[in-house]
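Structural characterization, general
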Amino acid sequence: MSKPTNKNVTIHIKRLMHNIEQLGKIGLNKDGGIDRVLCSDTDLEARNWISRYWEQVFLKKTRVDPIANLWMDLEGDRNLPAIVMGSHHDAVPCGGRFDGALGVLMATEIVETLKDRRIRLRHPLSLVSFTGEEPNPFNISTVGSKVIAGRLTKEDLHKYSHRETKELLGDAIKRMGGNLDLAENALINKKNVAAFLECHIEQGDKLDKSGLAIATVTKITGIYREKITVSGEANHAGTTMMNSRKDAYLAACEYSLAIEKAVKNLNSDEATATVGFVKVEPNEANIISGKTTLIMDMRISDKVRKAGILHKLDREAAIIEGQRKVTIQREVILDQECIPMSDTVINAFDHGAVCIGEPAAHLVSMAGHDAANISMITRTGMIFVKSVNGKSHCKEELSYPEDIEKAANAMLQALLYLDKELDGNDII
Ligand SMILES: [Zn+2]
């Protein structure tokens, strides 16, 4: 019998789906969604499940770093920097079974497959499950990856507390097995990591609409947020005639529609704008609004187009101010540039897709991910799996086993390719 080449190595989809099902039981609520927010009891339960699984399979202790990220570090044949794979295990309230969990369990399945086949790579491999990727009651998302990338210090971290229970983040992280006083020790030394690979559900409907199972992510969108305060004049709803009003709410509506129009006119698949926060004051049936506050979230990667939209909105704001006799104040509250993924990892994922007979499709991620932070320290890339009907952050979230299998096998081939291509000395 001839020895199988690495190209014949494939993952065990039944085992992977079984693990997704098992982890998906942790935090399952009566409505069928998953409740597993940062530092909740179910977060801890999920951590214990992952640690135990890793320890059983790899016969090594799970490492918990100071921000409570979980790590399984496995040696390679040579003294090279590690290739890291993983994602996160927390979920939004009433979230789905695949967001995050799929990435952790797929990375696990790939390494387990290599172990089953007794294939030892040149590079050491590390599995990671990040702490608190999703928005949470501590008001800090992607916290685990931010800390290891050096984007948050111990001092920053000590400022956060749970908005309801008031528990300090430091105490909560301690319950998860971390220790914020040692946060600096969680920092990753760039020299020790060769690449980071993450699989995630797309969370949009582009793959579903195009009939594709998987795509390589080329960049993570830029995110720009503005807080808009419209000030008019509160007054009586009956005695103030229509022509003498300074209605802050209606001016805010007009401005919101101007935002929508400006972005729609781009006719781009890589730009969105949302006004999802509205605060009307005094918010009474018989009073014209004197003040209305909005938050605009714009996702766009192209800087020139972004500047064009903001310029258009300057003009629109001035027109609305004049016509409706209000003032519009705009404050930038977030301006995160788009994060390109590493060409080396993009090539590896493309290679992986072609190896399994899939087209090398490309997508821009319109959601933020841990990978955005990790890209500050190493070559980073992502592969997306089709989300059925583009649904995520809800109980209907679904990806089919056949698509998950393709993503896992493409990622396995990408890993084998990188193991061969990277020698640890090339420039990131
Ligand atoms: Zn996620």
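Keep in mind that what you see is a predicted model, and the values were worked out from it rather than measured.

Below, the discussion takes up the overall build of the protein. Secondary structure assignment for the protein yields 12 helices and 15 strands. Here the C-alpha atoms of the protein give a radius of gyration of 24 Å, agreeing with the 22 Å that 2.2 N^0.38 yields for 428 residues. Within the protein, buried positions represent 46% of all 428 residues. Taking the contacts inside the protein whose residues are at least 6 apart along the sequence as the reference set, 78% of them involve residues at least 24 apart.

A separate point is the nonpolar core. Within the largest apolar cluster, 93 residues are counted, with the highest numbers of intra-cluster contacts made by Met106, Ile110, Ile214, Ile383, Ala407 and Met411. For this core, the leading source of residues is helix H12 (residues 401-421), giving 11 residues. For isoleucine 110, the residues in contact, after removing those within four places along its chain, are Ile11, Met85, Ala408, Met411, Leu412 and Leu415. Counting 22 residues, the second-largest nonpolar core is a separate cluster that includes Ile228, Ala248, Ala251 and Ile259.

With respect to burial, strand S5 (residues 193-201) is a largely interior element, nine of its nine residues being buried. Here strand S3 (residues 82-88) runs beside S5; their pairing, made up of four bridges, is parallel. Bridging from a neighbouring strand, valine 84 pairs with phenylalanine 196 of S5. With seven bridges connecting them, S5 and strand S15 (residues 379-385) associate as parallel partners. Its bridge partner lying in S15, alanine 195 is registered against arginine 379.

Before going further, it helps to examine the environment of tyrosine 400. Note that tyrosine 400 resides in the loop between S15 and H12. Looking at tyrosine 400, the number of C-beta atoms within 10 Å reads 14, which means it is partly exposed. Each C-alpha atom of the pair tyrosine 400 and alanine 213 lies 9.0 Å from the other, and the pair is 187 residues apart in sequence.

This next bit is on the packing of helix H3 (residues 101-116) against H12. Between H3 and H12, the shortest axis-to-axis distance is 10 Å and the interhelical angle comes to 55 degrees. Comparing the axis directions of H3 and H12 gives the class oblique. The interaxial crossing formed by H3 with H12 has right-handed handedness. Between H3 and H12, the residues in contact are Leu102, Met106, Glu109, Ile110 and Thr113 and Ile404, Ala407, Ala408, Met411, Leu412 and Leu415, respectively. Broken down by class, the residue content of the contact of H3 with H12 amounts to nine nonpolar, one polar and one charged.

Attention now goes to the domain arrangement of the protein. Each assigned domain of the protein is listed here: domain 1 (6-221 + 338-421) and domain 2 (223-336). Each of domain 1 and domain 2 has a C-alpha centre, and these two points are 37 Å apart. Listed as interface residues are six residues of domain 1 and, on the opposing side, six residues of domain 2. Class assignment of the residues belonging to the side of domain 1 that touches domain 2 gives a composition of three nonpolar, two polar and one charged.

The omega torsion across glutamate 281 and proline 282 is 0 degrees, close enough to zero to call that bond cis. The phi angle at alanine 68 is positive, at roughly 75 degrees, despite the residue not being glycine. By the secondary structure assignment, alanine 68 is in the loop between strand S1 (63-64) and strand S2 (70-74). Its identity is not glycine, yet threonine 142 carries a phi of approximately 45 degrees, on the positive side. Residue threonine 142 is classed as buried on the basis of its C-beta count, with 24 C-beta atoms lying within 10 Å.

Calculation rules
Residues numbered from 1 in each chain as written. Predicted model: local features only at pLDDT ≥ 70, side-chain atom pairs only at ≥ 80, totals over all residues. Helix = DSSP H or I, 4+ residues; strand = E, 2+ residues; numbered from the N terminus. Rg over C-alpha atoms; globule rule 2.2 N^0.38 Å. Buried ≥ 20, exposed ≤ 12 C-beta atoms within 10 Å, placed from the backbone. Contact = placed C-beta atoms within 7 Å. Core = buried A, V, L, I, M, F, W, Y, C linked by C-beta atoms within 7 Å. Pairing = 2+ DSSP bridges. Axes fitted to C-alpha atoms, helices over the stretch in contact; angles between N-to-C directions. Parallel < 35°, antiparallel > 145°, perpendicular 65-115°, else oblique. Left-handed = near helix turned anticlockwise from the far one by under 90°. Nonpolar A, V, L, I, M, F, W, Y, C, P; charged D, E, K, R; others polar. Domains from an automatic or database assignment.

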